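Survey of secondary and tertiary structure
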Amino acid sequence: MDFREVASNEKMDGFRKEVRAWLEKNVPEEMKNPVDSDDRHEERYHFWREKNKELGAKGWLYPTFPKQYGGGGLSAEHVDVLIEEFHAYGAPYAKRPNYLAGVLLVWGTEEQRQEFLVPLVKGEMIGYNKYTEPHSGSDLASYQSTAVKDGDMWVLNGSNAFPGGHEDETNAVYFGPMLTDKEAPRHRNLGFFMVPYPTPGLTFKRMNTLQGTGQCFIYLDDVRVPNENLVGGDHQGWQVMGTALEQEHGGNGTNYHEEKPIDNLVSYMQRNRKEGKIPGGDPVLQQIAAEAWNEFHSVSIMDTRVTWMYHNKIKMQWEGPVTFVYARINTLRNAARIREVMGMYALLGAHDPLAPQGGAQEVHQRNSLQAQHGSGSFNISKVVAARRIGISRTREQAAPTPNTATNFGV
Ligand SMILES: Cc1cc2nc3c(=O)[nH]c(=O)nc-3n(C[C@H](O)[C@H](O)[C@H](O)COP(=O)(O)OP(=O)(O)OC[C@H]3O[C@@H](n4cnc5c(N)ncnc54)[C@H](O)[C@@H]3O)c2cc1C
């Protein structure tokens, strides 16, 4: 059965009403998502940090996670309802849980789960991945920032580009690989570390990105963390990373697909009347918009299938990474189609009085570009997908990583 059907059936009505009531009671207008992420302000960040603690206490932040770790013990249908309702209300809700949570379920010791997983799931702690270094992002195995053992501690040195972060955050954790053995071969020379913030030696500088999502440079100067903050063995970091990257590279899928840009395009076709004509009356533009709509929905169906497989723990080989590649291609193609239909109006931003639809399409244009880089570059997702299918240079078929789902969906 399709998740969407499940989520919209009567069984979930009570829960849907409960979520709506919470949103109406708790989210003032000024704390909703602005059209342009660049307009997000610090006050809003802190508001949602606090609200996430409330959501965490209700088990709504990580709905499917086991109750023993602070999760909701709920089903995949509950996740769908939460995402749908939050998005419909204009409130932020992550489509996927923080990747560290899945890593700790697969690789963490019980002590690590208590110290890091429980506060993450309860919303008390926030997690940021630190993978990309200034010299390289795609080739993660070339990681150069070092971790050197000193008794029961590790001393970390290096830097990253692009992680998220807030300087005045009081309880965060950065996670990712560090080079533990310069002599060991590639893929066997890394450890996977959790670095709490604030901690002495870990500093920030803001990046100014196209999308305005608050990325940073971070610097680690003799940062000391205990051995307990190493997840897996000190040469096992690449395998541990696999669990994090599988989630990031489409392995969890999602049943929620942001239809706004396509809906906006369709409504522009129908309503933008000039000299008595609408774009929808032009057969060429009709064709372009129909292609955009069809391709968007093909991706959605593939992604829904992935999330259905994921939650039901059906063995997946290539489904997530292939869907991820297709989704990225589609985002870019649809941005071009939107420009063809709307012309330069698609490039007028949220603060331009002439911008159609509040400037939402301009934001989508920028997002479609950044979507080719975040989570590893587009070319690398093609390499990952090719390996899973067995059509990469070596022709070997890469094994799937362990499933991180914590419930049975349907
Ligand atoms: C909005 C945004 C958010 C991000 N968030 C995070 C974050 O939270 N944490 C984090 O660690 N990083 C984050 N990143 C960084 C992102 O993961 C990197 O940008 C990405 O991995 C690419 O790395 P790079 O920028 O160093 O480019 P490079 O790896 O230097 O790639 C440059 C170009 O070369 C191509 N290329 C590289 N290798 C190959 C190859 N083998 N075959 C073919 N072509 C290749 C790439 O496709 C690309 O076009 C974010 C990036 C963006 C844009």
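Residues numbered from 1 in each chain as written. Predicted model: local features only at pLDDT ≥ 70, side-chain atom pairs only at ≥ 80, totals over all residues. Heavy atoms only, no water.

1. What to know about helix α5 (residues 99-107)
Every α-helical turn comprises 3.6 residues, leaving residues that sit three or four positions apart pointing alike. With 7 of its 9 residues buried, α5 lies for the most part within the structure. Those residues of α5 that are buried are in contact with α6 (110-121), β1 (126-129), β4 (172-179), β5 (190-197), β8 (230-231) and α7 (237-251). Where α5 starts, the residue carrying a side-chain oxygen 3.0 Å from the main-chain nitrogen of L100 turns out to be N98. (Buried < 20%, exposed > 50% of the residue type's maximum accessible area, 1.4 Å probe, protein only. Helix = DSSP H or I, 4+ residues; strand = E, 2+ residues; numbered from the N terminus. Contact = heavy atoms within 4.5 Å. Polar contact = N/O pair within 3.5 Å; in protein donor to acceptor, adjacent residues only side chain to side chain.)

2. Details of the site of the ligand
Inspection of the region around the ligand gives 20 residues, with N129, Y131, T132, G137 and S138 positioned closest. The contact in question runs from a nitrogen atom of the ligand to an N or O atom on the side chain of T132, over 2.7 Å. Separating an oxygen atom of the ligand from a side-chain N or O atom of S377 is a distance of 2.9 Å. When isolated, the ligand has an accessible area of 970 Å², and the protein chains bury 65% of it. The class makeup of the residues in the shell around the ligand is 5 nonpolar, 14 polar and 1 charged. Counting residues domain by domain, the shell around the ligand receives three or more from each of domain 2 (127-236) and domain 3 (252-389). (Near = heavy atom within 4 Å. Areas by Shrake-Rupley, 256 points an atom, 1.4 Å probe, with all protein chains shown as cover. Nonpolar A, V, L, I, M, F, W, Y, C, P; charged D, E, K, R; others polar. Domains from an automatic or database assignment.)

3. Details of the pairing of strand β3 (residues 153-161)
Pairing of strand β2 (residues 146-150) with β3 involves 5 bridges; the strand directions are antiparallel. Bridge pairing links A147 to L156 in β3. Between the antiparallel neighbours β2 and β3 lie 2 residues, among them G151 with a positive phi of about 65°. Pairing of β3 with strand β7 (residues 216-226) involves 8 bridges; the strand directions are antiparallel. By the bridge assignment for β7, A161 is matched with F217. (Pairing = 2+ DSSP bridges.)

4. Structural notes on the packing of helix α10 (residues 319-342) against helix α11 (residues 360-370)
Contact pair α10 / α11: the axes reach a minimum separation of 9 Å and the direction vectors enclose 150°. Between α10 and α11, the interaxial angle falls into the category roughly antiparallel. As α10 runs across α11, the sense of the crossing is left-handed. Residue-level inspection shows T331, L332, A335, I338, R339 and M342 of α10 in contact with α11, the latter providing Q361, H364, Q365, S368 and L369. In terms of residue class, the contact of α10 with α11 is built from 5 nonpolar, 5 polar and 1 charged. (Axes fitted to C-alpha atoms, helices over the stretch in contact; angles between N-to-C directions. Parallel < 35°, antiparallel > 145°, perpendicular 65-115°, else oblique. Left-handed = near helix turned anticlockwise from the far one by under 90°.)

5. Overview of the pattern of salt bridges
Applying the stated rule across the entire model yields 17 salt bridges. A salt bridge links K51 to E54; its shortest N-O distance comes to 3.2 Å. Here the residue K51 and the residue E54 both occupy positions in helix α3 (residues 42-58), the gap between them amounting to 3 residues, near one helical turn. In this structure, the salt-bridge partner of E246 is R388, at a minimum N-O distance of 2.7 Å. Placement of the pair is E246 in helix α7 and R388 in helix α12 (residues 378-389), with a sequence separation of 142 residues. Pair check on accessibility: E246 and R388 agree, each one buried. (Salt bridge = Lys/Arg side-chain N within 4 Å of Asp/Glu carboxyl O.)

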